[in-house]
Amino acid sequence: MSQPPIRIAIAGALGRMGRQMADAVRADARLALAARFHRPGSVGDGLVSREEALAAADVVIDFTTAAASANLARICADRGGPALVIGSTGFDAAEAAIIGDAAKNIAIVRSGSFSLGLNILVGLVEQAARALAPQDWDAEIFEAHHRHKIDAPSGTALMLGYAVAVGRGVELDMVARRVRDGATGARPVGEIGFAVARGGGIVGEHSVSFCAEGETVTVSHVAGDRVMFARGAIAAALWVAGRTPGEYDMSDVLGQSARA
């Protein structure tokens with residue numbers, strides 16, 4: 001007997017990713033679009049209240065803001081479900097801690113990018129960083145997004161930075177250089193640099209360069225359409241439904257983690 005479809009609620013339903021996610025869920029026979037909700041007080045366009053949406057869903061897919069996602073995680077944890085797929089970025093330490101606490105009661109997949117290709121790239125970057133010694137190879141991360149993006153560096157750029165740091169066995173916060181301006185002096189050994197561009201309708205561009213004397217290795221990913229993020233979020237929703245509580249990421253979904 002076939003399994004019933006997984007019931008999906010979409011948070012931030014009137015946003016660009018909310019609309020994209022609703023279309024993707026409707027097109028997937030393994031899923032059922034159970035509810036769509038937006039900010040409190042939003043009505044029409046088939047929207048329901050947050051409470052109605054949570055009651056109707058097995059999994060909520062949330063591409064909103066860091067503050068809204070942290071609040072939603074707390075509410076879902078307090079009521080014992082549903083599971084969450086969080087694509088928001090720009091979390092501060094307090095918001096990340098709220099999500100970590102919520103994950104003690106519900107299953108949460110949170111990622112700086114739901115692109116399947118980008119998450120494969122993260123693994124390649126970690127391997128490269130492990131092989132290329134920081135004494136000889138400088139690591140630089142570049143990212144570009146549309147003019148409406150509100151956080152920088154992007155969550156995806158930070159994922160790539162963490163991958164470099166993990167490969168090198170260091171803490172990213174101890175070696176990251178997010179801004180360069182003025183007389184910055186010589187580049188410290190082991191520094192992980194970030195550069196950011198914002199403009200137009202760029203969906204997302206990311207690259208990591210390892211630069212040595214006489215050669216440079218660059219790996220990159222270009223997002224051409226938001227449908228790729230929806231595809232990854234659907235994979236995460238299918239994976240997390242019915243999962244035991246915990247905070248997971250796309251390495252778990254893709255089977256790259258020991259926890260998968």
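Look above for the structure.
Cut-off values and rules
- The numbers attached to residues start from 1 for each chain and follow its sequence in the written order.
- With the structure being a predicted model, the display of local features is reserved for residues of pLDDT at least 70 and the display and counting of side-chain atom pairs for 80 or more, all residues being used for whole-chain, interface and lining totals.
- Excluding hydrogens and water, the side-chain values take into account all heavy atoms of the structure.
- Any two strands with at least two DSSP bridges between them are considered paired.
- Secondary structure is summarised from DSSP: a helix means a run of H or I of at least four residues, a strand means a run of E of at least two, and numbering begins at the N terminus for each.
- Put simply, a patch holds well-exposed residues, over 30% relative accessible area, that have no salt bridge, with like charges counted together within 9 Å and Val, Leu, Ile, Met, Phe, Trp or Tyr side chains within 5 Å.
- All accessible areas in this document rest on Shrake-Rupley with a 1.4 Å probe, and a residue is counted as covered only by the protein chains that are shown.
- The working definition used for a salt bridge is a side-chain nitrogen of Lys or Arg within 4 Å of a carboxyl oxygen of Asp or Glu.
- A 1.4 Å probe rolled over the protein chains alone gives each residue an accessible area, and that area as a share of the maximum for its type sets the label: buried under 20%, exposed over 50%, partly exposed in between.
- By definition, the crossover connecting two strands over a helix is right-handed if that path, from the first strand to the second, turns clockwise as seen with the strands pointing away from the viewer.

So what's going on with the sheet that holds strand 6 (residues 138–145)? Residues and values would help.
Across the sheet, which stays open at both edges, the 5 strands sit in the order 7-8-6-9-10 with mixed pairing between neighbours. The sheet terminates laterally at strand 7 (176–177) and strand 10 (215–223), the two strands that pair on one side only. One ladder, built from 9 bridges, connects strand 9 (residues 204–212) with strand 10; its direction is antiparallel. Within the sheet, the bridge partner assigned to valine 208 lies in strand 10 and is valine 219.

Requested: an account of a nonpolar patch on the surface, with residues and values cited.
A contiguous nonpolar patch, built from Ile120, Leu124 and Leu254 and spanning about 240 Å² of accessible area, is present on the exposed surface. Checked against the element boundaries, leucine 254 lands in the segment after helix 9 (250–253). With relative accessibility at 32%, the residue leucine 254 sits in the partly exposed group.

Requested: an account of the pattern of salt bridges, with residues and values cited.
Using the criterion set out here, one finds 16 salt bridges in the structure. Arginine 110 serves as the salt-bridge partner of glutamate 247, at 3.0 Å between the closest nitrogen and oxygen. Here glutamate 247, found in strand 11 (residues 246–248), pairs with arginine 110, found in strand 5 (residues 107–110); they are 137 residues apart in sequence, far enough to count as distant. With relative accessibility at 27%, the residue glutamate 247 sits in the partly exposed group.

Explain unusual backbone geometry residue by residue, including any values.
Here glycine 81 and proline 82 are connected by a cis peptide whose omega angle stands at 5 degrees. Turning to its location among the elements, proline 82 is positioned in the loop between helix 3 (66–79) and strand 4 (83–86). Residue proline 153 is reached from alanine 152 by a cis peptide bond, and omega for that bond is -10 degrees. Phi is positive for aspartate 45, which is not a glycine, with a value near 55 degrees.

An account of the pairing of strand 2 (residues 31–36) is requested, with residue identities and associated values reported.
Bridge analysis of strand 1 (residues 6–11) against strand 2 gives 5 bridges, and the strand direction is parallel. Counted as the bridge partner of arginine 7 is alanine 32 from strand 2. Taking the sense of rotation as the criterion, the β-α-β connection linking strand 1, helix 1 (residues 16–26) and strand 2 turns out right-handed.

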